[in-house]
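# Structure at a glance
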Amino acid sequence: DQQVKQNSPSLSVQEGRISILNCDYTNSMFDYFLWYKKYPAEGPTFLISISSIKDKNEDGRFTVFLNKSAKHLSLHIVPSQPGDSAVYFCAASASGGKLIFGQGTELSVKP
Amino acid sequence: GAGVSQTPSNKVTEKGKYVELRCDPISGHTALYWYRQSLGQGPEFLIYFQGTGAADDSGLPNDRFFAVRPEGSVSTLKIQRTERGDSAVYLCASSPVGGGEEAFFGQGTRLTVV
């Protein structure tokens, strides 16, 4: 039972354009959502988060949007840079504790 | 150290052997998590400590897996009678309080069972 799903295994965008990574979830008890970025041979690095009481959170080039009625969140990166190329994981938690991760989306930003 | 440290970074063991994986969390972080990541998948939750006690061990796949955190700092994940299916990257993370806020991950231990 995959509670957090990232249906696109990979995404390729041109440098300077917008990258949009999507994530769907099934558990309505999730109240906190996070995005992590992972380079090869390294652990995941926290990128940005959003509480379920909000619908948008912005940090520099990164914005996360939450649509609770659709149980969907997305990460927007604009403008995309080659250094953004990595695997991005969506994660969710319910009242603290463990994070449930999606399968990841590999982003490739081409110069 | 400044970040979460995991040792060893790589471990190759024979099927049936016992292994221990170590995690040094960020100093002062009360919450500590173990995850397992297989190729092409996201991290899969194993166990979560709040201080010295296991607050949630629902992700441990079977009784061959056990983890301890005796002094509320360093944690050890122990795997008995290893199987080839245990091969994965084992990730440790810590967070200040454990209330679902962002967790900081180590670089992982790549376990290969041959």
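Attention here is on the structure that accompanies the text. This structure is a prediction, so every number in the text was calculated from the model and none was measured. Residue numbers restart at each chain and count upward from 1, following the sequence in its written direction. Labels are handed out in written order, letters beginning with A for the chains and numbers beginning with 1 for the ligands. Local features in this predicted model are restricted to residues of pLDDT 70 or higher, and side-chain atom pairs are both shown and tallied only at a pLDDT of 80 or more, whereas totals for entire chains, interfaces and linings draw on every residue. Calculation of side-chain values draws on the structure's entire complement of heavy atoms; hydrogens and water are dropped beforehand.

## Topic: the overall build of chain B
Only runs of H or I of at least four residues qualify as helices and only runs of E of at least two qualify as strands under DSSP, and these elements are numbered from the N terminus. The number of helices and strands found in chain B is 0 helices and 11 strands. Reading chain B from its N end, one meets helices and strands in the order β-β-β-β-β-β-β-β-β-β-β. Compactness check: chain B gives a C-alpha radius of gyration of 13 Å against a globular reference of 13 Å for 114 residues, within 12% of the reference. Throughout, exposure labels follow a simple rule: accessible area from a 1.4 Å probe, protein chains only, divided by the maximum for the residue type, with under 20% read as buried, over 50% as exposed, and the rest as partly exposed. The proportion of buried residues among the 114 residues of chain B is 47%. Residues are treated as being in contact if the distance between any of their heavy atoms lies within 4.5 Å. At a minimum sequence separation of 6, the contacts of chain B that also span at least 24 residues come to 54%. For chain B, the distance from the average position of its 11 positive side-chain charges to the average position of its 12 negative side-chain charges is 9 Å. Computation of the radius of gyration draws on C-alpha atoms alone. For the globule rule, the value is 2.2 Å times the number of residues to the power 0.38. Positive: Lys, Arg. Negative: Asp, Glu. His and the chain ends are not part of the count. Where a charge lies is defined by one atom per residue type: Lys uses NZ, Arg uses CZ, Asp uses CG and Glu uses CD.

## Here's the deal with the sheet that holds strand β3 (residues 19-24) of chain B
Sheet strands pair via backbone hydrogen bonds, and the direction of the pair is either parallel or antiparallel. All names here are of chain B. The antiparallel open sheet is built from 4 strands, whose spatial order is β1-β3-β8-β7. Looking along the sheet, the strands with just one partner apiece sit at the ends: β1 (5-7) and β7 (65-68). Strand-to-strand, the axes of this sheet are offset by a mean angle of 15°, without reference to chain direction. Should DSSP find at least two bridges between two strands, the strands are regarded as paired. In this description, a line fitted to the C-alpha atoms serves as the axis of each element, helices being fitted only across the stretch in contact, and the angle between N-to-C directions of two axes falls anywhere from 0 to 180 degrees.

## Thoughts on the sheet that holds strand β3 (residues 19-25) of chain A
All names here are of chain A. Spatially, 5 strands are ordered β1-β3-β8-β7-β6 in an open sheet, and the strand pairing comes out antiparallel. The outermost strands of the open sheet, each flanked by one partner alone, are β1 (4-5) and β6 (56-59). Taken together, the 4 bridges between β6 and strand β7 (residues 62-67) define a ladder with antiparallel strand orientation. Within β7, the position partnered with E58 by the bridge is T63.

## Some remarks on the state of the cysteines
Our working definition of a disulfide is a cysteine sulfur pair at a distance within 2.5 Å. Counting across every chain of the model gives 2 disulfides over all chains. Here A:C23 is linked by a disulfide to A:C90, with a sulfur-sulfur distance of 2.0 Å. Here A:C23 and A:C90 share a disulfide; its torsion about the S-S bond, -70°, makes the bridge left-handed. With a gap of 67 residues between them, A:C23 in strand β3 and A:C90 in strand β9 (residues 86-93) connect regions that are remote in the sequence. The partner cysteine of B:C23 in its disulfide is B:C92, sulfur to sulfur 1.9 Å.

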